[in-house]
Amino acid sequence: QLVVFLNRYANLYMKEALKDCEIQNGDEFSFISILYTYPSLSKTELINLNVFEKTSGMEIIRRLINMGMIYQFDDEKDRRAQRIALTEDGKKMLMTCFE
């Protein structure tokens, strides 16, 4: 029960902290802030770093691409894979959220 309460409080505080940002929740914030520390990552790497299930992580990545916060491009080493990185707009938005 206490773990559930901690999760609810965390979500409540995260919502308040992000009220002036374009992103909607802590999950999107986490994905963007991790991407900020890398030049690029594969989608699977980013999902694993966030400890998400693949389907949920792909949905967050799709939303962030549609918002223009991240972009995807083909992996040079593995033609089957795609990599993702922050856009300039994504970096600016993240700096706004840090304030």
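The structure we're discussing is the one just above.
Read on for an overview of the structure. (Residues numbered from 1 in each chain as written. Predicted model: local features only at pLDDT ≥ 70, side-chain atom pairs only at ≥ 80, totals over all residues. Heavy atoms only, no water.)

### Focus: the packing of helix H2 (residues 26-36) against helix H5 (residues 88-98)
A pair of packed helices is captured by two measures, namely the crossing angle of their axes and the spacing between those axes.
And then number 1: At their nearest, the axes of H2 and H5 sit 10 Å apart, and the two run at 115° to each other. With respect to H5, the axis of H2 lies roughly perpendicular. Of the two elements, H2 crosses H5, and the hand of that crossing is left-handed. In this structure, H2 contributes Phe-29, Ile-32, Ser-33 and Tyr-36 to the contact, and H5 contributes Gly-90, Lys-91, Met-93, Leu-94, Met-95, Cys-97 and Phe-98. (Axes fitted to C-alpha atoms, helices over the stretch in contact; angles between N-to-C directions. Helix = DSSP H or I, 4+ residues; strand = E, 2+ residues; numbered from the N terminus. Parallel < 35°, antiparallel > 145°, perpendicular 65-115°, else oblique. Left-handed = near helix turned anticlockwise from the far one by under 90°. Contact = heavy atoms within 4.5 Å.)

### A word on the state of the cysteines
And then number 1: Considering all chains together, one arrives at 1 disulfide under this definition.
And then number 2: Two residues, Cys-21 and Cys-97, share a disulfide whose sulfurs are 2.2 Å apart. Taken together, the residues span a long stretch of sequence, with Cys-21 in the loop between helix H1 (2-17) and H2 and Cys-97 in helix H5 at a distance of 76 residues.
And then number 3: For Cys-97, a relative accessible area of 11% translates into the label buried. (Disulfide = S-S within 2.5 Å. Buried < 20%, exposed > 50% of the residue type's maximum accessible area, 1.4 Å probe, protein only.)

### Focus on the environment of Tyr-36
And then number 1: Turning to its location among the elements, Tyr-36 is positioned in helix H2.
And then number 2: Separated by 23 residues in sequence, Tyr-36 and Glu-59 have C-alpha atoms that sit 19 Å apart.
And then number 3: Non-local contacts of Tyr-36, meaning those with residues more than four positions away in its chain, are made with Leu-86, Lys-91, Leu-94 and Met-95.

### Side note on the pairing of strand S3 (residues 82-86)
And then number 1: Summarising burial for S3: 4 of the 5 residues are buried, a large majority.
And then number 2: Here strand S1 (residues 41-42) pairs with S3 via 2 bridges, running antiparallel. For Leu-41, the partnering residue across the bridge sits in S3 and is Ile-84. (Pairing = 2+ DSSP bridges.)

### What to know about helix H4 (residues 54-66)
And then number 1: End to end, H4 covers 18 Å across 13 residues, agreeing with the expected 18 Å (1.5 Å per residue, within 8%).
And then number 2: Every buried residue belonging to H4 is among Gly-57, Ile-60, Ile-61 and Leu-64, and all of these are buried. Projected down its long axis, H4 shows its buried positions confined to an angular sector of 100°, all on one face. Counted as exposed and oriented over 90 degrees from the buried face of H4: Thr-55 and Asn-66.
And then number 3: Packing partners of the buried residues in H4 comprise H2, helix H3 (43-49), strand S2 (70-74) and S3. (Expected span 1.5 Å × (residues − 1). Arc of directions from axis to C-beta.)

### Points about H2
And then number 1: Among the residues of H2, Gly-26, Glu-28, Phe-29, Phe-31, Ile-32, Ile-34 and Leu-35 are the ones counted as buried.
And then number 2: With a side-chain oxygen positioned 3.0 Å from the backbone nitrogen of Asp-27, the residue opening H2 is Asn-25. (Polar contact = N/O pair within 3.5 Å; in protein donor to acceptor, adjacent residues only side chain to side chain.)

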